[in-house]
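Reading the structure
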Amino acid sequence: MLVDLQGPWSPIFGRLGLLLDVHYNNPVIFFAFQLVVVGGALLAFWLTCTNRWKWLWKDWLTTVDHKKLGIMYILVGLVMMFRGFSDAIMIRTQQAMAVGPDSPGILGAAHGYLPPYHFDQVFTAHGMIMILLAVTPILVGFMNIIMPIQIGARDMAYPYLNALGLWLTVVAAALVMIALFVGDFSHAGWVGLTPLTELPYSPGVGVDYYIWSIQLGSIGTTLGAVNLIATIIKMRAPGMTWGRLPIFTWTTLASNIIALTSFPVLGVALGLLTFDRYVGTHFFTADLGGNLMMYTNLFWIWGHPEVYFVVIPAFGFLSEIIPTFSEKPLFGYITMVLASMAIALVSWTVWLHHFFTMGASPGVNSYFSIATMLVGIPTGVKVFNWAFTMYRGRLRFPTPMLWALGSLFLLITGGMTGMMLSVPAINYLVHNSVFVIAHFHNMFLLIAYASFGAVAFWWPKVFGFRLDEKLGKLFFWLFTAGTLLVFIPMYTLGFMGMTRRLDYVAHTSWQPLLLLEMLGIALYTLSVLAFVAQLAVSIRDREKNRVTGSDAWETSRSVEWMTHTPPPFYNFAVTPVIHDRDEWAWRREHGLTSLVPDRYLDIHMPKNTAVPLIIGMLTLFFGFAMVWRIWWLAAASLIAIIVVMIIRSFDKDTDYIIPAAEVEKMEQEILSRAAGATGDTADAPIGGGAGGAYASRHAPSQSRKDT
Ligand code: HEM
Ligand SMILES: [Cu+2]
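Residues numbered from 1 in each chain as written. Chains lettered and ligands numbered in written order. Predicted model: local features only at pLDDT ≥ 70, side-chain atom pairs only at ≥ 80, totals over all residues. Heavy atoms only, no water.

1. Brief notes about the site of ligand 1
Residues in close proximity to ligand 1 total 21 residues, the closest being Trp190, Asn427, His431, His439 and Arg500. Between His431 and ligand 1, the recorded distance is 2.5 Å, taken from a side-chain N or O atom to an oxygen atom. Among the elements of the structure, helix H9 (292–326), helix H13 (399–421) and helix H15 (434–463) are those that each provide at least two residues to the shell around ligand 1. When residues of the shell around ligand 1 are assigned to their parent elements, the largest contribution, six residues, is made by H15. Split by residue class, the shell around ligand 1 holds 12 nonpolar, eight polar and one charged. (Near = heavy atom within 4 Å. Polar contact = N/O pair within 3.5 Å; in protein donor to acceptor, adjacent residues only side chain to side chain. Helix = DSSP H or I, 4+ residues; strand = E, 2+ residues; numbered from the N terminus. Nonpolar A, V, L, I, M, F, W, Y, C, P; charged D, E, K, R; others polar.)

2. Some details on the packing of helix H5 (residues 116–150) against H9
Their axes nearest at 11 Å, the elements H5 and H9 cross at an angle of 45°. On the basis of their axis angle, the class for H5 and H9 is oblique. As H5 packs across H9, the resulting crossing turns out to be left-handed. Here Ile131, Leu132, Val135, Thr136, Leu139, Val140, Phe142, Met143 and Gln150 of H5 come into contact with H9, specifically with Trp302, Glu306, Phe309, Val310, Pro313, Phe317 and Glu320. Here the residues of the contact of H5 with H9 are counted per class, giving 12 nonpolar, two polar and two charged. (Axes fitted to C-alpha atoms, helices over the stretch in contact; angles between N-to-C directions. Parallel < 35°, antiparallel > 145°, perpendicular 65-115°, else oblique. Left-handed = near helix turned anticlockwise from the far one by under 90°. Contact = heavy atoms within 4.5 Å.)

3. Thoughts on the coordination of the copper ion (ligand 2)
At 1.8 to 2.0 Å from the copper ion (ligand 2) lie its protein donor atoms, namely His304 (ND1), His353 (NE2) and His354 (NE2). Between the donor residues of the copper ion (ligand 2), the gaps in sequence give the motif H-x48-H-H. In this structure, the copper ion (ligand 2) lies 4.6 Å away from the iron atom of ligand 1. Note on His353: relative accessible area 13%, which makes it buried. (Donors = N, O, S within 2.8 Å, 3.2 Å for Na, K, Ca; no water. Buried < 20%, exposed > 50% of the residue type's maximum accessible area, 1.4 Å probe, protein only.)

4. A few points about the domain arrangement of the protein chain
Domain annotation of the protein chain identifies domain 1 (324–557) and domain 2 (562–602 + 661–675). Among the residues of domain 1 in contact with domain 2, Lys461, Ser550 and Arg557 are the three that bury the most area, contributing 51% of the side total. Between the two partners, domain 1 and domain 2, sit two salt bridges. Residue Asp582 is joined to Arg557 by a salt bridge in which the shortest nitrogen-to-oxygen separation is 2.9 Å. (Domains from an automatic or database assignment. Buried area = accessible area lost by both parts, 1.4 Å probe. Salt bridge = Lys/Arg side-chain N within 4 Å of Asp/Glu carboxyl O.)

5. Topic: helix H16 (residues 469–495)
Helical geometry note: an α-helix holds 3.6 residues per turn, so side chains three or four residues apart project in the same direction. Along its 27 residues, H16 runs 39 Å from first to last C-alpha, staying within 8% of the 39 Å computed at 1.5 Å per residue. Measuring from the side-chain oxygen of the N-cap residue of H16 to the backbone nitrogen of Lys470 gives 3.2 Å; that N-cap residue is Asp468. Following H16 by one or two positions, Gly497 adopts a phi angle in the positive range, close to 100°. (Expected span 1.5 Å × (residues − 1).)

So this is what it looks like as structure tokens:
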């Protein structure tokens, strides 16, 4: 072996010494382990008792339906968000407990309850999980569910590739979760600081878990980006010109152009680091000619565009929610599109603002400072457009709208602090302080708010019933109180000089603010309970909350509200023809809300397949084997992956036709069920023109022809 590996290694188990590496002796981890085992056993028991294994396999695990894949993406994201949130609770409790020289320690820690090495793993996992395995999958999930319906398509351009993307994301999540129990996780921060991540400084397997998890997961995201872009270009319904593309679809396009062009850079950065660790090259160590700043540059050439990859779709959510509850078309459609594209473009030119303090010349720092500030212009355009959309609109404030407004507020505060950070002189003072942490959490929370808004907004479309409004509002206000109580003190502590990533806080004068943050975290915890209660109550009362008609809000505007609620697996019985930018609003205004066609055609659909799931499993083996340097297993699973891919490429039986007669039968069934629900007779229009909570108060909204 070319590298100087510490500890024993065996040809069969690699570095894995089972009893040594499983953390049965750490009480915190052991508790989590019990939770997983008990939870898994209960789930398996439930599946067996209700006879659901076959359903699970046929309807979910082997599906290529973009809606189901999207739901699974969001589910994975929510589970990982819960994991990341547990990490956050640990970080906050540690910092609240470990203040001042006299603060006691328990569980082997000198202060607080987390020894430094464990604490470092916690914040690394927290950051990496939240960005790559929580926010990213949730947003990709929405793109998957909503975008194809918004452009009037039946599925994505490559349904099989879509499933593969999902399962690779699951592999990334699984590797991080395994790291919790078998071995360690990286302790070098979510950015993977070199040379700390080099083998001599991190001799364990933690960094390897980090590398392989991100590497495999980001291949999934890149494949997804190819697919989403191809779908938008090739699968649009007749009449869906670029000028009529719904705004969320535009943001999906902008965001995935970023993903497609930036994730490969991350792949290269991590790939070179992998070479350093596995075969002893020296790309990022100062000895033998390497340069550690090279890693930092590569990382942020991905990292900064990545933050826009996640924020632009959130802007898309706002652009769908705000017009719906203002009953007006989105103000400044063209400028909104241009702003999204401009942000995507400029986000590529600003990466160096993440290390103004590196020692670059004033010229370099000035260039990146100005480039960074330029991002504020298109962002400002967007804020004004949303404001003008609301101006003199018929405003309503159900939960999606509350989340959207909260999101706008956070965008303004987070954007301001970003502008402050982009001034090198200020940056020298607050770089690596918790002020920076407050800034980017401010930004990520904006995304969380927009996403919770999107959940409330599209849930009725996807599942056919509304979420409970009362508990939803409770969730919103608890979450908002938590946000204020955690992050206002954090900004303040940043000004007071508190640096990031402290496992021990020397200054007792910071304690009151840290305790205030603790209170905020407690409120966040309550808000999570409110969210869970909201889901449980809404599912229990689903009959009462059932949506009649296709449009749950009565004032929605885009194409996804035209088809049945919930959409059948083929989305549209007949491909819709698009006449207007806000097609559904246009049809409502012209009394064309019935989608009953005069004749049906055959439908062409992709077949379910287990291949993506199998490749995912093999990839998990491969990743695990690489982490522990079990070479035979790595080689075997890699060969197996290639063989499976070759076999699949010979499979020509990947799709099928639903005959027109059968489509008609299925449609009749849906229509009669809808008619039964409204109490109407036979051919009631399926587009919710009549009835519903708001219809009497709200006349059809203003529409607009695009010229
Ligand atoms: C007007 C827009 C923005 C400006 C001017 C801006 C500016 C900055 C600057 C200058 C830094 C470097 C601070 C330092 O480390 O010294 C920074 C850090 C950061 N920003 Fe922003 N930002 C903006 C928007 C965003 C958005 C939209 C996101 C995420 C969705 C975001 C996420 C982050 C993250 C994650 C970091 C710190 C990463 C780390 O060191 O771990 N920013 N921002
Ligand atoms: Cu940045």
